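# Understanding the architecture of this molecule
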Amino acid sequence: MATPPDRAPALAAAPLRARSSLRQRILLGLFGYTALLSIAVVVQGFFVNEHAEHLVWTSLMNTEMDYFIERSRGDPDYRWSDTQALSLYDSATRPPPRELATLAPGVHDEVVVAGVEYVTLVRDVDGRRLILALDIDDMEHREFDLALTIAASAITTLLLLCAVIGWGVHRLVRPLTNMAQRIGGLRPDRSGQRVDVPDSASSELVVIADAVNDYLQRNDHYVERERAFIDSASHELRTPISVIAGAAEIALDHNELPAGTRHQLNRIRRTSRDVEQLISLLLVLAKDPKRLSANSDRVALDHLLPEIVEDHRHLTRDKDLTLAIAPLPPCEILAPLPIVQAAIGNLLRNAIENSDRGEIAIRLLGDATVVIEDPGHGMTPEEISAIYARVARGGREGGGIGLDLISRLCEHLGWSLRFDKAERGTRTTLALKASA
């Protein structure tokens, strides 16, 4: 059996990827920028500090070394006196430790001797090597503690900045979020809808709201014109169809009609009835669903269903098909009688036209649910997919008012139409609204 138009796209549609909000994207971008900026500042500060430290040590050590050399040349009896932090090694009189003896001329930072860090200046003077060593172990520990303090301060500042950014972005994006929620709350079956913006809204939001409101207004006018046209055309068609149906009924009352003529008159009568059902459906679709209750009838489905089955039994005449009705529980609904007949009749006709042989089972549940299960053609999956595709593109299988209009009818009246794969064919479930 054919599938409703909204079924085929659902079969092939891939799972929708969850989309992040604009607020999340802005926050992620700003947080990333802030983090990268903080890292860049820290790294730059580290290199600047190391460079400045190297310049300070170079200047200090060269000054001390120049002072010693100048004094030594002016006073041959001058001897260097080590302090607690600063020591001088002369290869001629005082050999340096092994860690310092291998250093090349120049300033060397963070040289470890016996577990203590030194900054050293190595210089060759008059055929001897002079090494000036400054103990910076205590300063390095303080520098490490200061670096931890700066890192903690930077992290705290970064977290506070992220919180302020999050609060600011929330305030900036909130009007757009509210507008998106209002647009998402619009319903296609309602008229007179508008998207309002506060006086404090930005010019961009006003442009979006005006465009949406203009579209809603034009859509309302289009729907009203469509309903008016369908209503007018349907009423104009009713008169000639009624005349044709009436003439066929009168002609069939003559017993002397030839069999061929009677057969053609019966076809005219059945086709007229089908067109009348189509017109009734169009009239319902042209009305507001809230106004339908005034024109609805109390329909006893347990009485109507056998009549519909008997009206369609002639379609099984050239097939090895039987229509079987299960015991029907008492059930009554409030709905337009011609629409109920057209909906159930069209679904039953589709089941007949898409079955070869076997039994079509018709059941009525107590909650006003009609179930039609057909044996099907025994088609391959490729053939079923082809039918799904044709229906999805607006094609129609067989006669009747078409599953596309049936689907619109169910949506209009709040009914539920579902198609499921049965053991051999298709199970069609039409859930109507039971009357209170």
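Rules used in this analysis
Residues numbered from 1 in each chain as written. Predicted model: local features only at pLDDT ≥ 70, side-chain atom pairs only at ≥ 80, totals over all residues. Heavy atoms only, no water. pLDDT = per-residue confidence, 0-100. Helix = DSSP H or I, 4+ residues; strand = E, 2+ residues; numbered from the N terminus. Contact = heavy atoms within 4.5 Å. Buried < 20%, exposed > 50% of the residue type's maximum accessible area, 1.4 Å probe, protein only. Phe/Tyr/Trp six-rings, centres within 6.5 Å; stacked < 30°, edge-to-face > 60°. Axes fitted to C-alpha atoms, helices over the stretch in contact; angles between N-to-C directions. Parallel < 35°, antiparallel > 145°, perpendicular 65-115°, else oblique. Left-handed = near helix turned anticlockwise from the far one by under 90°. Nonpolar A, V, L, I, M, F, W, Y, C, P; charged D, E, K, R; others polar. Pairing = 2+ DSSP bridges. Salt bridge = Lys/Arg side-chain N within 4 Å of Asp/Glu carboxyl O.

Overall, the prediction assigns the protein chain a mean pLDDT of 80, with 86% of residues at 70 or greater. When pLDDT is averaged over each element of the protein chain, strand S9 (residues 369-374) comes out on top at 91 and helix H1 (residues 8-12) at the bottom at 40. Here residues 1-14 scores under 50 on pLDDT; set against residues more than four positions off or in separate chains, the count is 33 contacts. Low pLDDT, under 50, characterises residues 390-400; the predicted model gives this stretch 23 contacts beyond four residues in sequence or across chains.

What follows covers helix H10 (residues 403-413). Of all 11 residues that make up H10, 8 are buried, and the element is covered over most of its length. Turning to H10, its buried residues are Leu403, Leu405, Ile406, Ser407, Leu409, Cys410, His412 and Leu413. With its phi angle positive at about 80°, Gly414 sits one or two positions after the end of H10.

Two aromatic rings are characterised by how far apart their centres lie and by the angle between their planes. Using the criterion set out here, one finds 3 aromatic pairs in the structure. Measuring from centroid to centroid gives 6.1 Å for Phe68 and Tyr78, while their planes differ by 50°, and the two rings are tilted. One end of the pair, Phe68, is in helix H2 (residues 22-74); the other, Tyr78, is in the loop between H2 and strand S1 (86-90), with 10 residues separating them in the sequence. Here the two residues Phe68 and Tyr78 agree in accessibility, since each one is buried.

A few words on the packing of helix H8 (residues 337-353) against H10. Where H8 meets H10, the axes come as close as 11 Å, and the angle between the chain directions of the two elements is 140°. It follows from the interaxial angle that H8 and H10 lie oblique. With respect to the hand of their crossing, H8 and H10 are arranged in left-handed fashion. Touching Ile339, Ala342, Ala343, Asn346, Leu347 and Asn350 of H8 are Leu403, Ile406, Leu409 and Leu413, all from H10. Along the lines of polarity and charge, the residues of the contact of H8 with H10 split into 8 nonpolar, 2 polar and no charged.

With respect to the helices, strands and loops of the structure, Val119 is situated in strand S3 (residues 116-125). With relative accessibility at 0%, the residue Val119 sits in the buried group. Considered as a pair, Val119 and Asp135 are 16 residues apart in the sequence and their alpha carbons are 6.8 Å apart.

For residues besides glycine, phi is generally negative; the peptide bonds are generally trans as well. Unlike most non-glycine residues, Glu110 shows phi in positive territory, near 55°. Residue placement: Glu110 occurs in strand S2 (residues 106-113). Among the residues examined, Glu110 registers a relative accessible area of 42% and is labelled partly exposed. Phi at Ala114 takes a positive value of approximately 55°, unusual for a residue other than glycine. Secondary-structure assignment places Ala114 in the loop between S2 and S3.

Time to look at the pairing of strand S8 (residues 357-365). When strand S6 (residues 320-325) meets S8, the two strands line up parallel, connected through 6 bridges. From the neighbouring strand, Asp320 faces S8, where its bridge partner is Arg357. As paired elements, S8 and S9 share 5 bridges and run antiparallel to each other. The partner of Ala361 across the bridge, within S9, is Glu373. Taken together, S8 and the strand that follows it, S9, pair antiparallel across an intervening segment of 3 residues, in which Ala368 is found at a positive phi of about 65°.

So, about the pattern of salt bridges. A full pass over the atoms with the stated rule returns 14 salt bridges. For Arg73, the salt bridge goes to Asp126, with nearest N and O atoms at 3.8 Å. Taken together, the positions of Arg73 in helix H2 and Asp126 in the loop between S3 and strand S4 (128-135) put the pair 53 residues apart, joining distant regions of the chain. Judged by its relative accessible area of 57%, Arg73 is exposed. On the basis of relative accessibility, which here comes to 61%, the residue Asp126 falls in the exposed class. Of the charged contacts in the structure, one is a salt bridge between Asp82 and Arg94, with a shortest N-O distance of 2.3 Å. Residue Asp82 is found in the loop between H2 and S1, and its partner Arg94 is found in the loop between S1 and helix H3 (98-101); the two are separated by 12 residues along the sequence.

So, about the sheet that holds S2. The strand order S1-S4-S3-S2 describes an open sheet built from 4 strands, whose pairing is antiparallel. Only two strands of the sheet have a single neighbouring strand rather than two, namely S1 and S2. Within the sheet, the average angular offset between the axes of one strand and its neighbour, ignoring direction, is 25°. In the packing of H2 onto the sheet, the strands contacted are S1, S2, S3 and S4, and the crossing angle to S3 comes to about 50°.

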